[in-house]
Structures are given as structure tokens and as C-alpha cells.
Amino acid sequence: MPELPEVEVYKQYFDGTSLGHKIVDIDIDDPKLVKQVDGVFRNALVSNSFTKSERIGKFFFAHLSSGKIVVFHFGLTGNFYYFNESEDIPRFTRVLFHFDNGFKLAFVNMRKFGWVDLIEDVEIYRQKRGLGPDAQKISYEDFYEKFRKRKSLIKPKLLDQKLMAGIGNWIADEILYQSQLHPESNIENLSDEEIRLIYDKMQHILEVAVREDANYELFPDYFFIHIRKNAEARCFHTGGPIEKIEVGGRGTYFSPQYQIKK
DNA sequence: TTATATGTTCGATA
DNA sequence: TTATCGAACATATA
């Protein structure tokens, strides 16, 4: 379940379990998920330990004692799981790190859209990929500058990781619902006030989601996620129906009576 | 059986 | 050249 808040929770979990233990072995279930040629990944990790981590959007970076950095991306599914001999290896474990304290860290990834890589420098990597600033850290000025001049529908731009990193499908729908804007609104038709509103709602949603450990059940009642995929559910504000359409190739849910197309 | 899923990438097109 | 769009990727679940 990995968008910015979920990956932030994974980071906290990783930091609380997997830092400072020597890696004694690694199991790779499917080499296609490791973006390195044979052995390179393994050799770079074994007898190192993780020293610290950072996150940009949905990308998670774990620094090794050697100075190299492991990049994790969860794709559409997945999480970390830390365990010892008393438990079985989780289903869909793709990479398994064995630590010298007897515990293991599983990189679990059911749909195999996730991957791991090995890099030298986070900032160089970020620039090379064209990854934008983290959505929770981007300033309003930067956000405005990046979005204002665009010519496309608003939803696909919110999902564009090159403009800003971390927003995924449910958060994009959540932002537009709370902003009362139709997901197919054209950016050119939005006022400066509406751009500001989108930014403020985005910050609010991210702040709540991270604070509640990405546990949707704890989100306030007015959050769209509670009704997003429920055909019988009604809009919290209007009591009207929730509709599903496709925007930019992604399933998109919205409340047509509440969200206005600009 | 078919459609769908919380994502990114790559090639085609404008 | 740059921006945008759509298909492809792998696999479990309803």
C-alpha cells in the first residue's frame, strides 16, 4: 500500500528494526526485482550494516556502512517485515536480508512491480531520474511554479513524480475531493486560489495520513478514502453518488455533485 | 473468466 | 526538443 505516507511508515519500521545489524546473508527470490547484475547486489551488502535511511516520495534509501546506498521501491504492493526463527518467511518475500542477531528483514512484494537497486549518491540519483521534491516538503512557491504553467488535466499532473514525488492514486483522488475539484479539470482553468487550495489540502492529507501511520480507519470521517471504492456509499457532503471514471489511465473516483469541473 | 489493483517506464505522437 | 498519452509490465483477488 505504498504512497508517501505508507512508505514513511515503512521507513519508521525499518529504522526501528533494521539499523545497526550486520548483514550475514541475502536471499533473492526473483532476480528481475534486483536492478544489478549477478552478485553485485549481494556482494555490496553482505558484512555491511544499514546505518541510516531517507525517503523521497515513494522512494526509500537505506545507507550501508560502506557508504553505498540501497534503493527500495514498492511499486503497487508490498512492505517490510522483520522477524526471527519463531516465524515463517512471509508469503511474497522477494528479497530477504539475514542479520547477525538472528532476525531477518523481508522485502515483501506480491505483484512484483517493486524493485531494489544499489547506488552511490541519493542526490545524483534523484537528479538523474528527474524525481521532483518530496510532496510533503515542497514549498508553495515551488508547487505553484511547477503546476501553473502546465497544460493538462489536474489529476495526471498530481501523479507526475517528476513535478513532485509521493502522490499516488488514492491521495490524488483525496486531494481533489477535499478541494471540490473534478479530476478532469484543466489546470489552465484553475484560479490561483484553487491552486493554493490544492496545495493546502495536499499538505493536510499528508500530515493526517502520516500522523495516523497510514491507517485509513483512523482518518477523519470527511476523508474520501472511506467511501472511495464503495459503490453504495454516498458523498459525505452532498449525500450524492460516487462515480468512477478513467483519467490518465487510472481508475478515478469522485463525487460529481460536489466536485466541479473547471 | 474478466476486470481490477495504492506505480513506473518506454515508445509513439503532437 | 519537450510534453503528453497509452500500453506494457506481473500476479493475486473479487
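Residues numbered from 1 in each chain as written. Chains lettered and ligands numbered in written order. Predicted model: local features only at pLDDT ≥ 70, side-chain atom pairs only at ≥ 80, totals over all residues. Heavy atoms only, no water.

Visitor: Break down the domain arrangement of chain A for me, citing the residues and quoting the values.
Guide: The domains assigned to chain A are domain 1 (4-129) and domain 2 (140-254). Taken over C-alpha atoms, the centre of domain 1 sits 30 Å from the centre of domain 2. With ten residues of domain 1 at the contact, the number on the domain 2 side is 14 residues. Roughly 910 Å² is buried in total at the junction of domain 1 and domain 2, and carbon and sulfur atoms are behind 66% of that figure. (Domains from an automatic or database assignment. Contact = heavy atoms within 4.5 Å. Buried area = accessible area lost by both parts, 1.4 Å probe.)

Visitor: So what about the nonpolar core? Which residues, and what values?
Guide: Membership of the largest hydrophobic core comes to 32 residues, with the highest contact counts inside it found for Phe-143, Leu-158, Met-164, Ile-167 and Met-202. For this core, the elements supplying multiple residues, two or more each, are α4 (140-148), α5 (154-158), α6 (169-178) and α7 (192-211). Of all the elements, α7 adds the most residues to this core, at nine residues. Each residue touching Ile-167, except ones within four places of it in the same chain, is listed here: Glu-3, Lys-58, Ala-135, Leu-158, Leu-159, Gln-161, Ala-172, Ile-175, Met-202 and Leu-206. (Core = buried A, V, L, I, M, F, W, Y, C linked by side-chain atoms within 4.5 Å. Buried < 20%, exposed > 50% of the residue type's maximum accessible area, 1.4 Å probe, protein only. Helix = DSSP H or I, 4+ residues; strand = E, 2+ residues; numbered from the N terminus.)

Visitor: Tell me about the protein's contact with DNA strand B, and name the residues and values.
Guide: Contacts to DNA strand B come from 21 residues, most closely from Lys-58, Arg-129, Asn-169, Arg-228 and Arg-250. In DNA strand B, the atoms that sit within 4 Å of the protein are 71% sugar and phosphate, with bases accounting for the remainder. At 2.9 Å from a phosphate oxygen of DNA strand B is found a side-chain nitrogen or oxygen belonging to Lys-229. A distance of 2.9 Å separates a phosphate oxygen of DNA strand B from a polar atom in the side chain of Tyr-253. Of the residues assigned to the surface near DNA strand B, the class counts are seven nonpolar, five polar and nine charged. (Near = heavy atom within 4 Å. Polar contact = N/O pair within 3.5 Å; in protein donor to acceptor, adjacent residues only side chain to side chain. Nonpolar A, V, L, I, M, F, W, Y, C, P; charged D, E, K, R; others polar.)

Visitor: Report on the sheet that holds strand β3 (residues 59-64), specifying residues and quantitative values.
Guide: Pairing is antiparallel across the open sheet formed by four strands, whose spatial order is β2-β3-β4-β8. On the outer flanks of this sheet lie β2 (50-56) and β8 (115-119), each paired with one strand and no other. Averaged over all neighbouring strand pairs, the angle between strand axes comes to 20°, with direction disregarded. Where strand β4 (residues 69-73) and β8 come together, five bridges link them in antiparallel fashion. For Phe-72, the partnering residue across the bridge sits in β8 and is Val-116. (Pairing = 2+ DSSP bridges. Axes fitted to C-alpha atoms, helices over the stretch in contact; angles between N-to-C directions.)

Visitor: Before we move on, could you go through the protein's contact with DNA strand C and cite the residues and values that matter?
Guide: What surrounds DNA strand C is the set Arg-91, Phe-92, Met-110, Arg-111, Lys-112, Phe-113, Arg-150, Lys-151 and Lys-157. The separation between a phosphate oxygen of DNA strand C and a polar side-chain atom of Lys-112 is 2.5 Å. Across the surface near DNA strand C, the residue classes tally to three nonpolar, no polar and six charged.

Visitor: Please provide a residue-by-residue account of the sheet that holds strand β7 (residues 104-108), values included.
Guide: Taking strand neighbours across the sheet as the criterion, the four strands line up as β1-β6-β7-β5 in an open arrangement whose pairing is antiparallel. The two strands at the open ends of the sheet, each matched to only one other strand, are β1 (23-28) and β5 (79-83). Each strand of the sheet is rotated relative to its neighbour by a mean of 15°, with strand direction disregarded. Relative to β5, helix α1 (residues 4-17) is tilted by about 25°, and along the sheet it contacts β5 and β7.

Visitor: Quick one: what's the story with the pattern of salt bridges, residue by residue and with numbers?
Guide: Side chains carrying opposite charge are able to pair once their charged atoms draw close together. Enumeration over the complete set of coordinates arrives at 19 salt bridges. For Glu-8, the salt bridge is made with Arg-55, and the minimal N-O distance between the two is 2.7 Å. Of this pair, Glu-8 sits in helix α1 while Arg-55 sits in strand β2, and the two are 47 residues apart along the sequence. Judged by its relative accessible area of 15%, Glu-8 is buried. (Salt bridge = Lys/Arg side-chain N within 4 Å of Asp/Glu carboxyl O.)

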